[in-house]
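Descriptive structure summary
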Amino acid sequence: MTTSEIITLVIASASLVVAIASARFAWQSADASERQLALVERKIGMVTDPAKMTEILPVWYIDRMGQDNWGFGLLLASGELLAIERIMGVSDDGQWLEVELLDGSGGPKEVSGHPVLYAGLKDRTHGSVRVDQVQAAFELWTS
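All residue numbers here refer to positions counted from 1 along the written sequence of the relevant chain. In keeping with the predicted nature of the model, local features appear solely for residues at pLDDT of at least 70, side-chain atom pairs appear and are counted solely at 80 or more, and the whole-chain, interface and lining totals rest on all residues. Water and hydrogen atoms were dropped before computing side-chain values, which therefore reflect all heavy atoms in the structure.

**So, the pattern of salt bridges**
Salt bridge, as used here, is a side-chain nitrogen of Lys or Arg placed within 4 Å of a carboxyl oxygen of Asp or Glu. Following the criterion strictly, the structure yields 4 salt bridges and no others. When the shortest N-O distance is used, the salt bridge between Asp132 and Arg130 registers 2.9 Å. It is possible to trace a salt-bridge network through shared partners that takes in Arg64, Asp68 and Glu139.

**Observations regarding the pairing of strand β3 (residues 81-91)**
Type-normalised accessible area, obtained with a 1.4 Å probe on protein chains alone, sets the label of each residue: buried when under 20%, exposed when over 50%, and partly exposed for intermediate values. Numbering of helices and strands runs from the N terminus, with a helix taken as a DSSP run of H or I at least four residues long and a strand as a DSSP run of E at least two residues long. With respect to burial, β3 is a largely interior element, 9 of its 11 residues being buried. Where strand β1 (residues 46-47) and β3 come together, 2 bridges link them in antiparallel fashion. Counterpart to Met46 in the pairing with β3 is Ser91. Bridging between strand β2 (residues 72-76) and β3 involves 4 bridges; their strand directions are antiparallel. Bridge pairing links Phe72 to Ile84 in β3. A pair of strands is considered paired only if DSSP assigns at least 2 bridges between the two. Hairpin connection between β2 and β3: a loop of 4 residues separates the two successive antiparallel strands, and Gly79 in this loop has a positive phi of roughly 95°. Pairing geometry for β3 and strand β6 (residues 114-117), over 2 bridges, is parallel. Counted as the bridge partner of Leu81 is Val116 from β6. The sheet contact formed by β3 and strand β4 (residues 96-101) spans 5 bridges and is antiparallel. When the sheet's bridge partners are listed, Ile87 is paired in β4 with Val99. Joining the antiparallel neighbours β3 and β4 is a turn of 4 residues, in which Gly94 adopts a positive phi near 75°.

**Topic: the side chain of Glu100**
Position of Glu100 among the secondary structure elements: in strand β4. Lys and Arg are tallied as positive, Asp and Glu as negative. Neither His nor the chain termini are counted. Notably, Glu100 is buried but unbridged: the nearest opposite-charge side chain belongs to Arg86, and the N-O separation is 5.7 Å. When checking whether two residues touch, look at their non-hydrogen atoms; a contact exists if any pair is within 4.5 Å. With residues up to four places along the chain from it excluded, the contact list for Glu100 reads Ile84, Glu85, Arg86, Met88, Thr125 and His126.

Below is the structure:
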């Protein structure tokens, strides 16, 4: 075997190693892209426009509670009342409410024997509630 044939064989072997490594990296990249796509498809988007929220939840939730700042109560499956000021958004799959919690500075501690839950801190009033845990929604007080 001549020197040029040996060099050609080494270059061909190196090219084969690079091609195999490239194929492996491409496969790993494609696999990672598929996993990322699956994560993106599972993400929940929030709808914040009250007109659009009525397409996801019943109008009686949104017409008042999505547009007014007031004292509303959400009766939860646990038997507690969650005190909210308003609904800020609804997940596009209709499973979550994004709410502004009341801070409890002047509201009732219980209503008809149900304890009322307020925001734990006055400057941390945002919360998320699963729609399937809400049994009833109503105003906590009148004007």
